[in-house]
Amino acid sequence: KAGVTQTPRYLIKTRGQQVTLSCSPISGHRSVSWYQQTPGQGLQFLFEYFSETQRNKGNFPGRFSGRQFSNSRSEMNVSTLELGDSALYLCASSSGGRPGGGYTFGSGTRLTVV
Amino acid sequence: QKEVEQDPGPLSVPEGAIVSLNCTYSNSAFQYFMWYRQYSRKGPELLMYTYSSGNKEDGRFTAQVDKSSKYISLFIRDSQPSDSATYLCASQGSSNTGKLIFGQGTTLQVKP
């Protein structure tokens, strides 16, 4: 069965621009979580969507937002990009039925802000 | 202080060695504990997960959780060069919120 698909794989943007990243979860999975990974801070939780509703949010500024569609695909948007937003952005999907297991990650989108 | 602490290494061992990777956590609400493996340019891959305290074994991998000391361990027996990767521990509270708290990750190199 197909895994978690993230597009695009690589992205270069200019400071001040905005960007939209996409995540298609495993078929049947209704929960999608987003993470930012940087060498300094490691993996940090951005937000989680379940059945089109944001269920939890991490400590990131309002420039980071997301949404989930009825087919469970999710997008995250970063507005007014800053150099510090350069990172690997990962999404993880799960059935959402139980905690602890079943979080499958995609390969990520590498965002570089110049 | 981070909620999950992990020594970033790097850790270098010869092929065949037993590898011990460790994390500590501070939040008593954590009930679920996971180990992920991440190869370069890839997303994290779930290796093991454990609920509450105890041991779990899967092939060459054994995960241990000691909630009394807030200590999480992963042991790799008969390590192989293909085990060279970054290993991330993660914890989660009992509510299913999709939020995993990760350690910094330990980079492991297994030399042939």
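In what follows, the accompanying structure is described.

Calculation rules
Residues numbered from 1 in each chain as written. Chains lettered and ligands numbered in written order. Predicted model: local features only at pLDDT ≥ 70, side-chain atom pairs only at ≥ 80, totals over all residues. Heavy atoms only, no water. Helix = DSSP H or I, 4+ residues; strand = E, 2+ residues; numbered from the N terminus. Rg over C-alpha atoms; globule rule 2.2 N^0.38 Å. Areas by Shrake-Rupley, 256 points an atom, 1.4 Å probe, with all protein chains shown as cover. Core = buried A, V, L, I, M, F, W, Y, C linked by side-chain atoms within 4.5 Å. Buried < 20%, exposed > 50% of the residue type's maximum accessible area, 1.4 Å probe, protein only. Contact = heavy atoms within 4.5 Å. Disulfide = S-S within 2.5 Å. Phe/Tyr/Trp six-rings, centres within 6.5 Å; stacked < 30°, edge-to-face > 60°. Pairing = 2+ DSSP bridges. Axes fitted to C-alpha atoms, helices over the stretch in contact; angles between N-to-C directions. Polar contact = N/O pair within 3.5 Å; in protein donor to acceptor, adjacent residues only side chain to side chain.

Right, let's get into the overall build of chain B. A tally of regular secondary structure across chain B gives 0 helices and 11 strands. Helices (α) and strands (β) of chain B occur, in sequence order from the N terminus, as β-β-β-β-β-β-β-β-β-β-β. Taking 112 residues into account, the globule formula puts the C-alpha radius of gyration at 13 Å, and chain B, at 13 Å, falls close to it. Dimensions along the principal axes, computed over C-alpha positions, put chain B at roughly 40 × 30 × 25 Å. Carbon and sulfur atoms form 48% of the exposed surface of chain B, whose accessible area is close to 5,200 Å².

With 24 residues, the main nonpolar core has Trp35, Leu74, Ile76 and Tyr87 of chain B as its most contacted residues. Secondary-structure elements contributing two or more residues to this core are strand S3 (19-25), strand S4 (30-38), strand S5 (45-51), strand S7 (61-66), strand S8 (71-76), strand S9 (85-93) and strand S11 (106-111) of chain B. For this core, the element with the highest residue contribution is S3 of chain B, accounting for 4 residues. Ignoring anything within four residues of it in the chain, the contact list for Tyr87 of chain B reads Gln6, Leu21, Trp35, Tyr36, Arg37, Leu47, Leu74, Ile76, Gly105, Thr106 and Leu108 of chain B. Membership of the second largest hydrophobic core comes to 21 residues, among which are Val4, Val19, Ile26 and Trp34 of chain A.

All names here are of chain A. Applying the stated criterion to the full structure yields 2 disulfides over all chains. Shown here is the disulfide that connects Cys23 with Cys91, its sulfur atoms set 1.9 Å apart. Taking the torsion about the sulfur-sulfur bond, which here is approximately 75°, the covalent link between Cys23 and Cys91 counts as right-handed. Highlighted residues: Cys23 in strand S3 (residues 19-24) and Cys91 in strand S9 (residues 87-94), separated in sequence by 68 residues.

Under the defined criterion, the tally for this structure stands at 11 aromatic pairs over all chains. On the numbers, 5.7 Å between centres and 70° between planes, the contact of Phe47 of chain A with Tyr49 of chain A is edge-to-face. According to the relative accessible area criterion, Phe47 of chain A is buried, its value standing at 1%. Residue classification places Tyr49 of chain A among the buried positions, given a relative accessible area of 5%. Measuring from ring centre to ring centre gives 4.9 Å for Tyr32 of chain B and Tyr51 of chain B, while their planes differ by 40°; the resulting arrangement is tilted. Remark: Tyr51 of chain B occurs in strand S5 and Tyr32 of chain B occurs in strand S4; sequence separation between them is 19 residues.

Residues and elements named next belong to chain A. Spatial strand order, S1-S3-S8-S7: 4 strands in an open sheet with antiparallel pairing. Of all the strands in the sheet, just strand S1 (5-7) and strand S7 (64-68) have a single pairing partner and so form its edges. Taken over all neighbouring pairs, the strand axes of this sheet differ in orientation by 20° on average, direction set aside. The pairing of S1 with S3 spans 3 bridges and is classified as antiparallel. Bridged to Gln6 within S3 is Cys23.

By secondary structure assignment, the location of Ser33 of chain A is in strand S4 (residues 31-38). A relative accessible area of 0% places Ser33 of chain A in the buried class. Of the polar contacts made by the side chain of Ser33 of chain A, one reaches the backbone oxygen of Gly98 of chain B; its length is 3.1 Å. If we ignore the near neighbours within four places in the chain, the residues touching Ser33 of chain A are Phe45, Phe47, Glu48, Leu90, Cys91 and Ala92 of chain A together with Gly98 of chain B.

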